[in-house]
Structure formats: C-alpha cells, structure tokens
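Survey of secondary and tertiary structure
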Amino acid sequence: MTKIKRIAVLTSGGDAPGMNAAIRAVVRSALAFDLKVFGIYNGFEGLVSDNIEQLDNKSVANCIQRGGTILKTSRYPAFKDPNVRKQAIKNLQKHKIDALVVLGGDGSFRGAKLLGDEADIRTIGIPCTIDNDIIGTDYTIGFDTARNTALQAIDKIRDTAFSHSNNFLVEVMGRASGLLAMDVGLAGGAEFILIPEIKVSVDELVERIRSRKRLKMGSIIVVAEADKPGRSFKIAEQIEKKIGIVYKVCVLGHTQRGGTPTVRDREVASLMGYHAVKSLLAGETHKMIAYNQERYVTVDFPAPDLGARPFAQEDLLEINRILSES
Ligand code: ADP
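Summary of the structure given here.

Each value, and the rule that gives it
Residues numbered from 1 in each chain as written. Predicted model: local features only at pLDDT ≥ 70, side-chain atom pairs only at ≥ 80, totals over all residues. Heavy atoms only, no water. 1 Å grid on protein atoms, 1.4 Å probe; cavity = no way out; pocket = protein on both sides within 12 Å on 5 of 7 lines; lining within 4 Å. Points joined across faces, edges and corners; volume = space filled by probe spheres on them. Nonpolar A, V, L, I, M, F, W, Y, C, P; charged D, E, K, R; others polar. Buried < 20%, exposed > 50% of the residue type's maximum accessible area, 1.4 Å probe, protein only. Helix = DSSP H or I, 4+ residues; strand = E, 2+ residues; numbered from the N terminus. Pairing = 2+ DSSP bridges. Right-handed = clockwise from strand over helix to strand, strands pointing away. Phe/Tyr/Trp six-rings, centres within 6.5 Å; stacked < 30°, edge-to-face > 60°. Axes fitted to C-alpha atoms, helices over the stretch in contact; angles between N-to-C directions. Contact = heavy atoms within 4.5 Å. Expected span 1.5 Å × (residues − 1).

Observations concerning empty space enclosed by the protein
A complete count under the given rule lists 1 cavity of 30 Å³ or more for this structure. Empty space within the largest cavity amounts to approximately 50 Å³. Every residue along the wall of the largest cavity is listed here: Asp 106, Phe 109, Arg 110, Lys 113, Phe 301, Pro 302 and Pro 304. Partitioning the lining of the largest cavity into residue classes produces 4 nonpolar, no polar and 3 charged.

So, the pairing of strand 4 (residues 99-104)
Of all the 6 residues making up strand 4, 6 are buried; the element is thus mostly covered by neighbouring parts of the structure. Going residue by residue along strand 4, you find Ala 99, Val 101 and Leu 103 tucked away on one face and Leu 100, Val 102 and Gly 104 tucked away on the opposite face as well. Relative to strand 5 (residues 122-127), strand 4 runs parallel, the two sharing 6 bridges. Considered in strand 5, the bridge of Gly 104 is made with Pro 127. Following the backbone out of strand 4, through helix 4 (residues 106-118) and into the adjacent parallel strand 5, one traces a crossover that is right-handed.

Side note on the packing of aromatic side chains
Taken as a whole and assessed by the stated rule, the structure comprises 6 aromatic pairs. Considering the side-chain rings of Phe 33 and Tyr 274, the 6.5 Å spacing of their centres and the 45° angle between planes classify their relative orientation as tilted. Highlighted residues: Phe 33 in the loop between helix 1 (19-32) and strand 2 (36-40) and Tyr 274 in helix 9 (residues 263-281), separated in sequence by 241 residues. A residue is classified by how much of its surface remains accessible, and Tyr 274, at 33% relative accessible area, is partly exposed.

Looking at the sheet that holds strand 6 (residues 167-172)
If you trace the 4 strands from one edge of the open sheet to the other, you get 7-8-6-9, paired in parallel fashion. Strands with a single pairing partner mark the edges of an open sheet, and in this sheet they are strand 7 (192-194) and strand 9 (247-251). The average angle at which neighbouring strand axes cross in this sheet is 20°, direction not considered. Contacting strand 6, strand 8 (220-224) and strand 9, helix 5 (residues 143-164) runs over the sheet at an angle of about 165° to strand 6. Sheet strands touched by helix 6 (residues 179-187): strand 6, strand 7 and strand 8. Its angle to strand 7, the strand with the most contacts, is close to 170°.

Describing helix 1
With 14 residues, helix 1 extends 20 Å from end C-alpha to end C-alpha; this agrees with the ideal 20 Å at 1.5 Å per step. Turning to helix 1, its buried residues are Met 19, Asn 20, Ala 21, Ala 22, Ile 23, Ala 25, Val 26, Val 27, Ser 29 and Ala 30. Looking at the buried side of helix 1, the elements it contacts are strand 1 (6-11), strand 2, strand 3 (52-55), strand 4, strand 5 and helix 9. Of the residues trailing helix 1, Asp 34 is marked for its positive phi of about 65°.

Section: the side chain of Ser 108
The residue Ser 108 is located in helix 4 in this model. Filtering out sequence-adjacent residues up to four positions away, Ser 108 remains in contact with Ser 12, Gly 13, Phe 44 and Val 102.

In structure tokens form, the structure reads like this:
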C-alpha cells in the first residue's frame, strides 16, 4: 500500500451547518499525521478551474461555530462529463494530490466515486445534508441544526397562532424525505404531519380535520416541501375552499440551511472528519464515513439511483396523532 502524502478537501452540493467543523477536523487531523492539506474552493467547479490552495492550522481557525462552508460550494452538473473530469484529474496531478475528502450528499459522492475510478487517488465521503436521507448512515451532518432551527420557528409561529386563534401550515425542507418534518412536527406539537413518503390527499386531510375530537384553533400542520416547494399555499387554498377553515402559510425555506451548528452537528462533524483521514491513512478508498449504532464506520458509497433513505417511522406518525388529538 502506497503511503499518501497530500490530501485535498472540498464541499459540494447543498451546504449544511457543521461542514466547517468537518473541514477543520480533516485539516487538523491530516496535519497531525504529517500530511500536506489542500482546500478546493467551490466544489468540483473549483477542482476543474484549479481554485486550490494549501491550508494550515490557522486556515480553519474560528470556523467551528459558523454555518455554511468556508470552502464554498456549488452545483456543477458539467462534472458528469468525462472530459471535464479529465481537467480535474490534471489539476489533482499538478498538485500531487493522492487523496480527496468530499463533503456533500449522494450526488457529490457519485462525482467522488468517478474520480476515484478514473484517477490514481483515494476518495472518502463525509455525509452532509439537512435532510438526513443518505442511505448507509443513520446520521448526516446538518440535520440536528436544521431541525432545531425549524422547531424554533414553529414555537414562534405558535405564539401568534394562539394569540389570534389562527391556524398555520408550516412548510419545512425535505424533498424526498420526511425525517425533518417528522421530528419537528412531533416536537412542535403539530396536529398533522405531511411527508413525501406517505401521500395524503387534500380530501383525506380535510376529513381528518373534520373528524377531530375537538375544534382546535391555533393549530399547526407541518408540511414537508416534497417535490413542490411552496405546495402549502395550494393545500391551504383547497382546505378553505372545501371546509371554510383558513390556514395561514409560513414557508421556512433556506433559513433551515444556515445558522450556528448545534453541539451534535459539531461533534459528529469533528469525529467524521477525523475518521475520514484515518481511513485514508489505512488505505481505504471509495467509502463514506457513516454513523451507525453509535459508532463511526466506513461503508460503500450509496449505490447510484437508490434514492433517499426509506422512511421507517410510521409508528411516530400514529403516536403524534394520539398526542395531538387528546
Ligand atoms: P448533493 O451532493 O447534495 O446530493 P447534488 O446532487 O446537486 O448535491 O450533487 C452535487 C454535485 O456533485 C453536482 O453539482 C455535480 O458537480 C456532482 N455530481 C452529481 N452527480 C454526479 C454524477 N452522476 N457524476 C459526476 N458528478 C456528479
């Protein structure tokens, strides 16, 4: 096994709070093991345009508490083109980089895997997404901060909802996954939680609202955005049309992406960053760091086209129904 000497780190795809703590951990762990470390700015785009800089301990000072990513990120579909990746490989060779840590979601890991297949470098992924929906790991960096941000917003909305006896639909992120909606709905006392995995028609929802044991005012329904961000406006319109009950709408949107990472996100990010460097030193490649059954392990990159992690919390929906109705 050849010994690696120079590693690079980049952040790609959607940003997630805690990415900076992971970058810091990768940089400082690598330096502690006598490796040279490079930061690639702007995701795969920066790898292709050679936006690459050597980092030292000071480069990652004072960032553990910041949301977003100090290395910046991008969506760069051109990276699917093998000719574009050839330029990326040239730049890796120019800087003599022999290992790459990619922080991102499953899209970013597809890019990392291809690079590892096509170039003589080791690649390791660190799962980052506020949706917590990556197959192969129980936890992804950013989820805890996002759910706390969303919960704080729901608590604030509840104050005004109660005072005016208004009803609200609060829309949270979650394109393919209802995990965020489930957690904040349960913790925020939502009357109903609509998630992408279990389709509920407006007629069914209206039926449930009608059949409540007591008429609630100031009630909150949490809606995951699913494949139509902003879908809550249409749902509210239809509820009013069908039964005359007005629901105001609050879409939390990108507020859920930013902000100071929580203890949990900083802790997981720090440990995943450390384990990413350790696994590269141990000769591993084409792997993702995962947090499973309270342990940090390496697993294969998620197979392409498997989609989001399946929802396995139907029991929580039922428990929430009991708690919010009685
Ligand atoms: P995430 O990593 O959060 O899932 P995306 O799916 O947008 O976000 O992917 C981030 C980036 O990863 C893309 O903009 C692209 O640069 C790269 N990428 C995604 N899919 C592929 C692929 N099939 N081949 C090569 N690169 C890819």
